[in-house]
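Here's the letter readout for the chains.
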Amino acid sequence: LECKLEVYTCVTDLTLAIRSFFDGRAVREVTADVFKDEHTVDLAAEALKEHVFSDLALELAQKLQLKDFLSDIEKISDIAEEVADRLMIMSVKHSV
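Residues numbered from 1 in each chain as written. Predicted model: local features only at pLDDT ≥ 70, side-chain atom pairs only at ≥ 80, totals over all residues. Heavy atoms only, no water.

Enquirer: Help me out: how do you make sense of the nonpolar core in this one?
Expert: In terms of nonpolar packing, the biggest core is built from six residues, these being Cys3, Val7, Val41, Ala44, Ala45 and Ile73. Those elements that provide at least two residues to this core are α1 (2-19) and α2 (24-54). (Core = buried A, V, L, I, M, F, W, Y, C linked by side-chain atoms within 4.5 Å. Buried < 20%, exposed > 50% of the residue type's maximum accessible area, 1.4 Å probe, protein only. Helix = DSSP H or I, 4+ residues; strand = E, 2+ residues; numbered from the N terminus.)

Structure (structure tokens):
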């Protein structure tokens, strides 16, 4: 659940960055939040994966399914980070 909330925060910050595209300063500030949120998602997902694989009550198939699910959630934040990076580049080009 924590990982899911962090992904939501990451995507929400990306939305704010896109809306503030024409204000270059705001884009820098908000994209920094996106990068921070993406890193938080990565840390939370890793911790959850470690917890899943240390849980003796789960079968291997369940562990692998949960790992794949967490990897898919991580991909969402990775894509948000890539979009924020491209938005930052476009903002710099737009200001020149």
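Enquirer: Teacher, can you tell me more about the environment of phenylalanine 35 here?
Expert: Its place among the elements puts phenylalanine 35 in helix α2. Exposure remark for phenylalanine 35: the relative accessible area of 28% places this residue in the partly exposed category. For phenylalanine 35 and serine 71, which are 36 residues apart along the polypeptide, the C-alpha to C-alpha distance reads 18 Å. For phenylalanine 35, the residues in contact, after removing those within four places along its chain, are Glu81, Ala84 and Asp85. (Contact = heavy atoms within 4.5 Å.)

Enquirer: Can you walk me through the pattern of salt bridges in this structure?
Expert: Any two side chains of opposite charge can pair, so long as their charged atoms come close to each other. The final tally for this structure, using the stated rule, is four salt bridges. Residues glutamate 74 and lysine 49 are paired through a salt bridge, measuring 2.8 Å at the closest nitrogen-oxygen approach. Of this pair, glutamate 74 sits in helix α3 (residues 60-95) while lysine 49 sits in helix α2, and the two are 25 residues apart along the sequence. Both residues of the pair, glutamate 74 and lysine 49, count as buried. (Salt bridge = Lys/Arg side-chain N within 4 Å of Asp/Glu carboxyl O.)

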